[in-house]
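Here's the letter readout for the chains.
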Amino acid sequence: MIHHATKRFRENFDHLALTSKLIRTRLFRAYTAKVGIYFETESYVLKTAESADEIEELLRLRHRVFLQELQGKRKLFRIDLDRHDLTCDHLMTVDRISGRAVGTYRLLSSHFFDEFYSESEFELGGVKALPGIKLELGRACIDPTHRNRTVIQLLWRGVTAYMKKTDTRFLLGCSSVQTLDPSAIRSVTFALRKLSTTEESLGIFPRIGYRPDEFGIDLTTRSNTDPAPHIPPLVLSYIRAGAKMAPTPAVDWDFGCVDYFTLLDRESLSASFERKFFGNGSGE
């Protein structure tokens with residue numbers, strides 16, 4: 001727990017330093033998207049963020065969802081920011097009626113960077129050694145009034161378009177389930193192990209400070225009293241696409257969730273996902 005308290009202090013200090021710098025110097029004024037994505041539907045626009053104002057709007061959306069809605073917390077300046085945000089690409093879904101951003105996905109490509117956010121929670125040496133470009137998806141969130149199939153599919157279209165333009169083979173990231181209840185975590189973990197093929201050959205496991213047993217969570221046996229598993233729709237969409245999950249999740253106490261490392265090989269996509277998002281006219 002001393003390690004956990006030190007980690008939390010360091011992350012809070014880093015957040016304060018970054019947000020203070022952002023507010024004082026408008027750090028994102030020099031921000032430019034590395035890969036341009038843009039297409040429209042009747043109700044929404046899906047694009048990569050291109051300006052300081054768009055980035056700040058997405059950080060405020062993330063704050064409303066991750067901090068205020070899910071945890072009942074607030075941070076100074078009311079933005080959700082970490083050091084990766086300054087250099088990543090950010091997908092944004094814009095409601096055409098209000099002009100507001102209602103959905104976002106953060107994209108970190110090994111084509112441009114050699115460090116992933118997921119490495120703070122998981123040992124990923126085996127994953128990084130795989131051949132091919134890798135794209136980490138993170139900080140996915142949707143405004144509560146726009147959590148519908150259309151917005152989720154739009155974000156996926158943006159991701160697949162980005163994969164095409166960067167010749168990406170692997171998608172990876174942390175799939176979050178918002179609970180710290182041991183019985184709920186156990187229920188979801190066993191359900192995911194049954195629904196998806198677990199990836200055990202790459203040596204993916206939580207780092208110290210994130211391991212379930214450090215928090216008294218036993219994932220070795222099931223209990224008849226465990227509740228029915230609640231698996232978020234976005235996580236289910238990964239599984240339907242053909243993703244593999246690491247068998248043991250990381251516990252992110254500060255965000256009040258457990259993270260399941262997820263790996264999707266473009267060469268092993270499900271046939272339906274391949275047709276829908278990589279067929280002709282599916283995002284280019």
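Residues numbered from 1 in each chain as written. Predicted model: local features only at pLDDT ≥ 70, side-chain atom pairs only at ≥ 80, totals over all residues. Heavy atoms only, no water.

Asker: Before we move on, could you go through helix α6 (residues 233-241) and cite the residues and values that matter?
Answerer: Along α6, the residues classified as buried are Val 235, Ser 237, Tyr 238, Ile 239 and Ala 241. Where α6 terminates, the next one or two residues include Gly 242, which has phi positive at roughly 110°. (Buried < 20%, exposed > 50% of the residue type's maximum accessible area, 1.4 Å probe, protein only. Helix = DSSP H or I, 4+ residues; strand = E, 2+ residues; numbered from the N terminus.)

Asker: I'd like to hear about the pattern of salt bridges, residue by residue, with values.
Answerer: Under the counting rule described, the total for this entry stands at 16 salt bridges. A salt bridge links Glu 56 to Arg 60, with the shortest nitrogen-to-oxygen separation between them at 2.9 Å. Taken together, the residues span about one helical turn, with Glu 56 and Arg 60 both in helix α2 (residues 52-71) at a distance of 4 residues. In this structure Glu 56 comes out as buried when scored by relative accessible area, which is 13%. Residue Asp 82 pairs with Arg 139 through a salt bridge whose shortest N-O separation is 3.3 Å. One end of the pair, Asp 82, is in the loop between α2 and β3 (89-95); the other, Arg 139, is in strand β6 (residues 133-142), with 57 residues separating them in the sequence. Taking relative accessible area as the criterion, Asp 82 reaches 12% and is therefore assigned buried. Owing to a relative accessible area of 14%, Arg 139 belongs among the buried residues under this scheme. A single salt-bridge network, built from bridges that share partners, covers Arg 62, Asp 80, Asp 82, Asp 85, Arg 106 and Arg 139. (Salt bridge = Lys/Arg side-chain N within 4 Å of Asp/Glu carboxyl O.)

Asker: Could you give me a rundown of the environment of Asn 224, with the residues and numbers involved?
Answerer: With respect to the secondary-structure elements, Asn 224 resides in the loop between β8 (205-206) and α6. Along the primary structure Asn 224 and Ser 187 are separated by 37 residues, whereas in three dimensions their C-alpha atoms are 9.8 Å apart.

Asker: Hey, could you go over the packing of helix α4 (residues 149-166) against helix α7 (residues 271-278) for me, with residue numbers and the actual values?
Answerer: Viewed as axis vectors pointing N to C, α4 and α7 meet at an angle of 80°, and their least axial separation amounts to 10 Å. Put simply, α4 runs roughly perpendicular to α7. Residues Arg 149, Gln 153, Trp 156, Arg 157, Thr 160, Met 163 and Lys 164 of α4 touch α7, and the partners they reach there are Phe 273, Lys 276, Phe 277 and Phe 278. Grouping the amino acids of the contact of α4 with α7 by side-chain chemistry returns 5 nonpolar, 2 polar and 4 charged. (Axes fitted to C-alpha atoms, helices over the stretch in contact; angles between N-to-C directions. Parallel < 35°, antiparallel > 145°, perpendicular 65-115°, else oblique. Contact = heavy atoms within 4.5 Å. Nonpolar A, V, L, I, M, F, W, Y, C, P; charged D, E, K, R; others polar.)

Asker: Please set out the environment of Thr 48 residue by residue, giving values where relevant.
Answerer: Here Thr 48 shows up in strand β2 (residues 44-48). The sequence separation of Thr 48 and Tyr 162 amounts to 114 residues, and the corresponding C-alpha distance is 9.6 Å. Apart from the residues lying within four places of it in its own chain, the contact partners of Thr 48 are Ala 33, Val 35, Gly 36, Ile 37, Glu 54, His 90 and Leu 91. A distance of 3.2 Å separates a polar atom in the side chain of Thr 48 from the backbone oxygen of Val 35. (Polar contact = N/O pair within 3.5 Å; in protein donor to acceptor, adjacent residues only side chain to side chain.)

Asker: Before we move on, could you go through the pairing of strand β7 (residues 168-177) and cite the residues and values that matter?
Answerer: Here β7 lies mainly inside the structure; 8 of its 10 residues are buried. Across 5 bridges, β6 lies against β7 in parallel orientation. Residue pairing for β7: Ile 133 is matched across the bridge by Thr 168. Two elements, β7 and strand β11 (residues 257-265), share 8 bridges in a ladder whose sense is antiparallel. Along β11, the bridge assignment pairs Ser 176 with Asp 259. (Pairing = 2+ DSSP bridges.)

Asker: Before we move on, could you go through the pairing of β3 and cite the residues and values that matter?
Answerer: Among the 7 residues that make up β3, 7 are buried, leaving the element largely enclosed by the rest of the structure. The side-chain alternation of β3 yields two buried faces, one formed by Asp 89, Leu 91, Thr 93 and Asp 95 and the other by His 90, Met 92 and Val 94. Direction of pairing for β2 relative to β3: antiparallel, over a ladder of 5 bridges. Bridging across to β3, Lys 47 finds its partner in Met 92. Across 6 bridges, the pairing between β3 and strand β4 (residues 101-109) is antiparallel. Across the sheet, residue Met 92 finds its bridge partner in β4, namely Thr 104. Hairpin geometry of β3 and β4 is characterised by an intervening segment of 5 residues between the two adjacent antiparallel strands and by a positive phi of about 75° at Gly 99.

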